[in-house]
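Residue strings, one per chain:
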Amino acid sequence: MNTNIALEQFYSWQAKLSAYNHAMSLIYYDGATVAPKGTAQNRARALSVLSEETYKLSTSEDTLSLLSYLDEHRGELGEKDARAVYLALKDIKEMKKIPMDEYIAYQELMVEADDVWHRAKEESNFELFRPVLEKIFETQKRFANYCAPEKHPYNYCLDKYEEGLTMDECDKFFSALKEKIIPLINKISAAKQVDDSCIKGSFSELEQEKFSYELMKIMGIDLDHCGLGTTEHPFTTSIGSHHDVRITTNYDPSNLSSSMFSVIHEGGHALYDMNSADDLAYTLLDGGVSMGIHESQSRFYENLLGRSREFVGYVFPKAQGCFPEQLKDYTADDFYKAINLVTPSLIRTEADEVTYCLHVMVRYELEKRVMSGELEVKDLPLEWNRLYKEYLGVDVPDDKRGVLQDSHWSGGGIGYFPSYALGSAYGAHLLHKMKETVDVEKCLSEGNFAPINEWNREHIWKFGCLKGSSALLRDALGEEFDPSYYTDYLEKKYSAIYGL
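Here is what the cut-offs are and how they apply
Residues numbered from 1 in each chain as written. Predicted model: local features only at pLDDT ≥ 70, side-chain atom pairs only at ≥ 80, totals over all residues. Heavy atoms only, no water. Helix = DSSP H or I, 4+ residues; strand = E, 2+ residues; numbered from the N terminus. Buried < 20%, exposed > 50% of the residue type's maximum accessible area, 1.4 Å probe, protein only. Contact = heavy atoms within 4.5 Å. Salt bridge = Lys/Arg side-chain N within 4 Å of Asp/Glu carboxyl O. Core = buried A, V, L, I, M, F, W, Y, C linked by side-chain atoms within 4.5 Å. Axes fitted to C-alpha atoms, helices over the stretch in contact; angles between N-to-C directions. Parallel < 35°, antiparallel > 145°, perpendicular 65-115°, else oblique. Left-handed = near helix turned anticlockwise from the far one by under 90°. Nonpolar A, V, L, I, M, F, W, Y, C, P; charged D, E, K, R; others polar. Expected span 1.5 Å × (residues − 1). Arc of directions from axis to C-beta. Pairing = 2+ DSSP bridges. Phe/Tyr/Trp six-rings, centres within 6.5 Å; stacked < 30°, edge-to-face > 60°. Lys NZ or Arg CZ within 6 Å of the ring centre and 35° of its normal.

Moving on, we get to the overall build of the protein chain. Within the protein chain, the regular secondary structure consists of 21 helices and three strands. Seen through its principal axes, the protein chain has C-alpha atoms that stretch 70 × 50 × 45 Å. In the protein chain, which comprises 500 residues, the proportion classed as buried is 56%. Taking all contacts inside the protein chain whose residues are at least 6 apart in sequence as the whole, residues at least 24 apart take part in 75%.

The next thing to look at is the pattern of salt bridges. Here the structure, examined in full by the defined rule, presents 38 salt bridges. Residue Glu102 is joined to Arg142 by a salt bridge in which the shortest nitrogen-to-oxygen separation is 2.7 Å. A residue pair is termed long-range when its members are at least 10 positions apart, and Glu102 in helix H5 (residues 100-123) and Arg142 in helix H6 (residues 126-147) qualify at 40 residues. On the basis of relative accessible area, Arg142 is assigned to the partly exposed category, the value being 33%. Between Glu383 and Arg386 there is a salt bridge, with its nearest N and O atoms 3.0 Å apart. Taken together, the residues Glu383 and Arg386, both in helix H16 (residues 380-392) and three residues apart, mark about one turn of the helix. A cluster of three or more residues bridged by salt bridges with shared partners is formed by Arg369, Glu383, Arg386 and Glu390.

So, about the side chain of His269. Within the element layout of this structure, His269 appears in helix H10 (residues 256-274). Judged by its relative accessible area of 5%, His269 is buried. Dropping the residues within four chain positions of it, His269 is found in contact with Thr236, Met291, His294, Glu295 and Ser298.

By size, the foremost hydrophobic cluster in this structure holds 162 residues, and its most contacted members are Phe10, Tyr301, Leu380 and Ile452. If one sorts the elements of this core by residue count, helix H15 (residues 353-371) sits on top with 11 residues. With residues up to four places along the chain from it excluded, the contact list for Ile452 reads Phe300, Tyr301, Leu305, Met434, Val438, Val440, Cys443 and Leu444. By size, the runner-up hydrophobic cluster in this structure holds seven residues, among which are Ile27, Leu47, Leu50 and Val111.

Before going further, it helps to examine the packing of helix H1 (residues 3-33) against helix H4 (residues 79-96). One way to put it is that H1 packs onto H4 with a least axis distance of 12 Å and a crossing angle of 60°. Overall, the two elements H1 and H4 adopt an arrangement that is oblique. In the crossing of H1 with H4, the sense of the turn from one axis to the other is left-handed. Each of Leu7, Phe10, Tyr11, Trp13 and Gln14 in H1 lies in contact with H4, whose residues at this interface are Lys80, Asp81, Ala84, Val85, Ala88 and Ile92. Taken together, the residues of the contact of H1 with H4 sort by class into eight nonpolar, one polar and two charged.

With that settled, consider helix H21 (residues 484-498). Counted at 1.5 Å a residue, the expected span for H21 with its 15 residues is 21 Å, and the 21 Å between its end C-alpha atoms agrees. Listed as buried for H21 are Tyr486, Thr487, Tyr489, Leu490, Lys493, Tyr494, Ile497 and Tyr498. End-on, the buried residues of H21 take up no more than an arc of 155°, which puts them together on one face. Summarising the geometry of H21, the exposed residues directed more than 90 degrees from the buried face are Lys492 and Ala496.

For helix H17 (residues 418-434), built from 17 residues, the straight-helix expectation of 24 Å at 1.5 Å per residue is met to within 8% by its first-to-last C-alpha distance of 24 Å. Most of H17 sits inside the fold, with 15 of its 17 residues counted as buried.

Through backbone hydrogen bonds, the strands of a sheet pair up, either in parallel or in antiparallel fashion. As summarised here, the arrangement of the three strands in space is E1-E3-E2, forming an open sheet in which the pairing is mixed. Taken across any chain shown, the strands that pair with only one partner, and hence form the sheet edges, are strand E1 (226-230) and strand E2 (236-238). Averaged over all pairs of adjacent strands, the angle between strand axes in this sheet comes to 20°, irrespective of strand direction. Bridge analysis of E1 against strand E3 (residues 245-249) gives five bridges, and the strand direction is parallel. If you follow Thr230 over to E3, its bridge partner there is Thr249. Most of the contacts of H1 go to E3, to which it runs at about 15°, and overall it touches E1, E2 and E3.

What follows is about the packing of aromatic side chains. Per the counting criterion, the structure on display carries 26 aromatic pairs. Ring centres of Tyr161 and Tyr416 lie 5.4 Å apart, and the angle between their planes is 50°; on these two criteria the pair is classed as tilted. Note that Tyr161 is positioned in helix H7 (residues 153-161) and Tyr416 in the loop between H16 and H17, a separation of 255 residues in sequence. Aromatic pair Phe211 and Phe323: ring centres 6.2 Å apart, planes at 85°, arrangement edge-to-face. On the criterion of sequence distance, the pair formed by Phe211 in helix H9 (residues 205-219) and Phe323 in the loop between helix H12 (309-322) and helix H13 (324-327) is long-range, its members being 112 residues apart. Of the two residues, Phe211 and Phe323, both sit in the buried class. Site record: aromatic cluster; members linked through ring pairs are Phe137, Tyr161, Tyr356, Trp384, Tyr388, Trp409, Tyr416, Phe417 and Tyr420. The residue whose ring lies beneath Arg307 is Phe261, and the NZ or CZ to ring-centre distance is 3.9 Å.

Function cannot be read off these values alone, since they describe shape.
Now the structure itself:
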């Protein structure tokens, strides 16, 4: 074998893996959107077979031999191929530590968990979901012990979503946020509250869907390669490569802002996934490098851009066009203040920018304690409710609006939630850097996202997984990440809105 032949085989292997992932992503997307309620077992069987094939393809001796050869000859490889080999070996070495039967059983468990979670949320019944969630946490602990016995099991989980992230770093990060955010919330609470009546009322789902597509076009999303569906909990998924990305939303007939900002949020994820360099397609380098970076893009578009005064000035007339009766007596300034109302709430996805990180902290604390053995799954609802009262001052009326509100645990996403807060802070620092060369306010006031998207494409998107998240962020910023840019942004924006 020589290096050129080995590389040909490596690309063929990546293409085959991409095809399996394509099929599994479609099955997941179908299950979360339009599949009939009684079809979960059918999907589980299909995923079981595909998962077994993926496991065998990834961990076979032939694959390991091929990757080991390329790793030994990495001096002959370009940057892209060397990085792909590194990531492949890293994943395979970890996967081989997990027994195949347990790996396949976990994929089946994910299908069951998603189905049970939907039913449990609909019935507001945590006890229905509890046995499945216990299996998920138990499996995560077991996999952590197989793959990284030297680590705390929760550090293993955090690292999967943001490489190198630890509980110590999370504790310091959240402590720095609380130091600035809590006093800001207290000042806002004492100030005169803004009126959000313009986004409350009766908004037809059909008109909301039309408005959603209008938002996607304004953002510069290629609708030939990005679809929009509806589901209980909005998400984004790539179907095999960046050439096919799906986003979803959920329409609340009584609250226009709910679907509006879920579409912009998921649209930020989609823009990141869709703009990997074309030569990364069907390889391990296609798509976002970490969930922290991914959330930096979704939260960037949702909040830093979507909730800005300039963007609202541009988009409000279009909203009036879709909802002429509901919005006829309001101005763009009314709309701007309404979508930036700060008030403690129950639902994370509908939380304002200032209190949002407190929602994330609740989940972080609970996950950390369950993974540490300090808290049992059966006690999650009571602890959830207690922390919401302590952190946000709100009473949780039921499981649906409490511990069952997010889909992440049903998908095995233990350790994901801190990425939302990190992403929010990353985004504020990236915006500060972008403004050195892009007139962001002018772009937003004209509805011209092209210069903004081009900056993100050149500094973030096109690299896919070519760079690690820390290196990518450092190169884009030209300095080390500093969360104070985020807290400074919040203090400046909301002091102006509330006259502090």
